[in-house]
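The primary structure of each chain is shown beneath.
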Amino acid sequence: MNFKRHGIMAGIALTATLALTACGSDNETPSTPGSTGGSTPASAITCAKGSLTAQGSSAQKNAMDEWIKAYQQKCTDAKIDYQGTGSGAGITAFSGGTADFAGSDSSLKDGDETTKATARCGGNPALNLPMVTGPIAIAYNLDGVKDLQLKPETLAKIFAGSITKWDDAAIKGDNPSATLPSSPILAVHRSDSSGTTENFTGYLDKAATGTWTFGKDKVWKATGGQAEKGSDGVAGAVKKTAGAIGYVEWSFAKSNSLGTAKIYNGAGEYTALTGAAAGKTVAGAKITGTGDDLKLSIDYATKEAGAYPIVLVTYEIVCSKGTPADKLELVKGFLGYTASTEGQAVLDKLGYAPLPESVQTKVAASIKNLA
């Protein structure tokens, strides 16, 4: 049995059957946890006992489901429940003491959010720990057009309602080789308060300055278009409506087999959405938090070659100190796994992008320091 390439390089526990079926696949993709045998390399999972309740970002729900499944298969004395209730609800639950950690599509805001989270942590800072890179896809349903590409100003006008036909001169200018229909555009946006909306409008605000006049907000401010609840609602509306376009997390575009537009970046390139392209934007983000707090500032106008600029990063909100003693080791064990190379390796197949190594290393170090 050949474990040289698979077991040793991945550094994770593999059974003989898994080693054979993994041939030719990504060597960093983790095996099904729970394998035994003293001679096999150890998994990145450090088991702890107890239970955790968490909630928040729906954008990272698919990733959390996968991580929880893997952790609980390996660690049978652990029980972890994560509900995708939305970023705002997650932060409220964390600050109120009903969630052991929260998932959020944006970091804690200065002022009330930070004050309440600090109080929950016994006067200790709450940390923003980046965990999932969630590229935001511009998904569309346009028969006969497979390689739509858009500049940020064109995208802003579509969602602001000033471009209403697919054969508009601006869209033609972005797609000189495409045959565009004269049919109307249906721009679909979120009806609910959303971190995805906040990041998408943040992108438009920075990359289409002067064209997008509605600012950055979790609540959709532009008029017109069609409102749908949740990314599943937006993706569903785009899928069933010819001529529709919307913004959704990449995983929803993939699961609905929707076309995704190439986006013009600050380097002057139309860039397709891939995990690597999204990762380049996150790698260029600046850490604005202090100490173990890893709050990021993303440059939506990045000039990095090959970067896909419309991304969000979901954070896990957790106490730097003050987590109850009966929860602490499980918080560290579970989040330590999600931030590991093994944990991050599952993201690409789910429609996310792994954290860049430079960010991942810092997150892992912050988790080790939790007390």
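No experiment lies behind these values; they were computed from the predicted model shown.

Comments concerning the overall build of the protein chain
Tallying secondary structure elements over the protein chain gives 14 helices and 14 strands in all. Looking at the 371 residues of the protein chain, the share that counts as buried comes to 50%. Partitioning the contacts of the protein chain with sequence separation of at least 6, the portion at a separation of at least 24 is 72%.

Considerations on the packing of aromatic side chains
Scanning the entire structure with this criterion turns up 12 aromatic pairs. Ring centres of Tyr-71 and Phe-334 lie 5.7 Å apart, and the angle between their planes is 85 degrees; on these two criteria the pair is classed as edge-to-face. Here Tyr-71, found in helix α3 (residues 61-74), pairs with Phe-334, found in helix α12 (residues 325-338); they are 263 residues apart in sequence, far enough to count as distant. Exposure remark for Tyr-71: the relative accessible area of 0% places this residue in the buried category. Residues Phe-200 and Trp-220 carry aromatic rings whose centres are separated by 6.5 Å and whose planes lie at 10 degrees to one another, so their mutual orientation is stacked. With Phe-200 in helix α8 (residues 195-207) and Trp-220 in the loop between α8 and β7 (226-228), the pair connects residues that are 20 residues apart, well separated along the chain. Take Phe-200: its relative accessible area is 0%, and that puts it in the buried class. Taking relative accessible area as the criterion, Trp-220 reaches 11% and is therefore assigned buried. By way of ring pairs, the aromatic residues Phe-159, Phe-200, Trp-212, Phe-214, Trp-220 and Tyr-247 are connected into one cluster.

A look at helix α11 (residues 275-283)
Taken together, the buried positions of α11 are Gly-275, Ala-277, Ala-278, Gly-279, Thr-281 and Val-282. Buried-residue contacts for α11 involve β4 (126-140), α10 (250-255), β11 (270-271), β13 (296-297), β14 (311-319) and α14 (357-368).

Some thoughts on the packing of helix α4 (residues 87-95) against helix α5 (residues 112-120)
In contact at an axis separation of 8 Å, α4 and α5 are set at 40 degrees when each is read in the N-to-C sense. Between α4 and α5, the residues in contact are Ile-91, Phe-94 and Ser-95 and Glu-113, Lys-116, Ala-117 and Arg-120, respectively.

Section: the environment of Tyr-140
By the element assignment, Tyr-140 lies in strand β4. Through-space distance from the C-alpha of Tyr-140 to that of Lys-239 is 7.8 Å; in sequence the pair is 99 residues apart. Other than its neighbours up to four places away in sequence, Tyr-140 contacts Val-145, Lys-146, Asp-147, Leu-148, Val-238, Ala-244, Ile-245, Gly-259, Thr-260 and Ala-261. From its side chain, Tyr-140 meets the backbone oxygen of Lys-146 in a polar contact 3.1 Å long.

Observations regarding the side chain of Glu-342
Here Glu-342 is to be found in helix α13 (residues 341-344). Although Glu-342 is buried, it forms no salt bridge, and the closest oppositely charged side chain is Lys-74 at an N-O distance of 8.0 Å. There is a polar contact of 2.7 Å between the side chain of Glu-342 and the backbone nitrogen of Ala-44.

Brief notes about the pattern of salt bridges
Taken as a whole and judged by the stated rule, the model has 6 salt bridges. Ionic pairing is found between Glu-66 and Lys-349, a salt bridge with its closest N-O pair at 3.8 Å. Of this pair, Glu-66 sits in helix α3 while Lys-349 is found in the loop between α13 and α14, placing the two residues 283 residues apart along the sequence. The exposure class of Glu-66 is partly exposed, given its relative accessible area of 28%. Here Asp-112 and Lys-116 are joined by a salt bridge, their closest N and O atoms 3.3 Å apart. Pair noted here: Asp-112 and Lys-116 are both in helix α5, with a separation of 4 residues, about one helical turn.

What about the state of the cysteines?
Scanning all chains against the criterion turns up 2 disulfides. Each sulfur of the disulfide joining Cys-47 and Cys-75 lies 2.0 Å from the other. Judged by the sign of its S-S torsion, about -80 degrees, the bond between Cys-47 and Cys-75 is left-handed. Pair noted here: Cys-47 is in the loop between α2 (16-21) and β1 (50-56) and Cys-75 is in the loop between α3 and β2 (78-83), with a separation of 28 residues, a long-range link. A sulfur-sulfur separation of 2.0 Å characterises the disulfide bridge that pairs Cys-121 with Cys-319. On the sign convention where negative is left-handed, the bridge of Cys-121 and Cys-319, at about -85 degrees about the S-S bond, is left-handed.

Overview of the sheet that holds β11
What links the strands of a sheet is backbone hydrogen bonding, and the strands pair in either a parallel or an antiparallel sense. Ordered by their spatial adjacency, 3 strands build an open sheet running β5-β10-β11, and the pairing between neighbours is mixed. Edge positions in the sheet fall to β5 (149-150) and β11, since each has one partner strand and no second. Note that β5 and strand β10 (residues 262-264) share 2 bridges and pair parallel. Within the sheet, the bridge partner assigned to Gln-149 lies in β10 and is Lys-262.

Side note on α14
Here α14 spans 17 Å end to end across 12 residues, near enough to the 16 Å set by a 1.5 Å rise per residue. What α14 keeps buried is the set Val-359, Gln-360, Val-363, Ser-366 and Ile-367. Taken down its axis, α14 places every buried residue within 125 degrees of arc, on the same side. Residues of α14 that are exposed and point more than 90 degrees away from the buried face comprise Glu-357 and Lys-368. In this fold, the buried residues of α14 make contact with β4, α11, α12 and α13.

Analysis parameters
Residues numbered from 1 in each chain as written. Predicted model: local features only at pLDDT ≥ 70, side-chain atom pairs only at ≥ 80, totals over all residues. Heavy atoms only, no water. Helix = DSSP H or I, 4+ residues; strand = E, 2+ residues; numbered from the N terminus. Buried < 20%, exposed > 50% of the residue type's maximum accessible area, 1.4 Å probe, protein only. Contact = heavy atoms within 4.5 Å. Phe/Tyr/Trp six-rings, centres within 6.5 Å; stacked < 30°, edge-to-face > 60°. Axes fitted to C-alpha atoms, helices over the stretch in contact; angles between N-to-C directions. Polar contact = N/O pair within 3.5 Å; in protein donor to acceptor, adjacent residues only side chain to side chain. Lys, Arg positive; Asp, Glu negative; His and termini not counted. Salt bridge = Lys/Arg side-chain N within 4 Å of Asp/Glu carboxyl O. Disulfide = S-S within 2.5 Å. Pairing = 2+ DSSP bridges. Expected span 1.5 Å × (residues − 1). Arc of directions from axis to C-beta.

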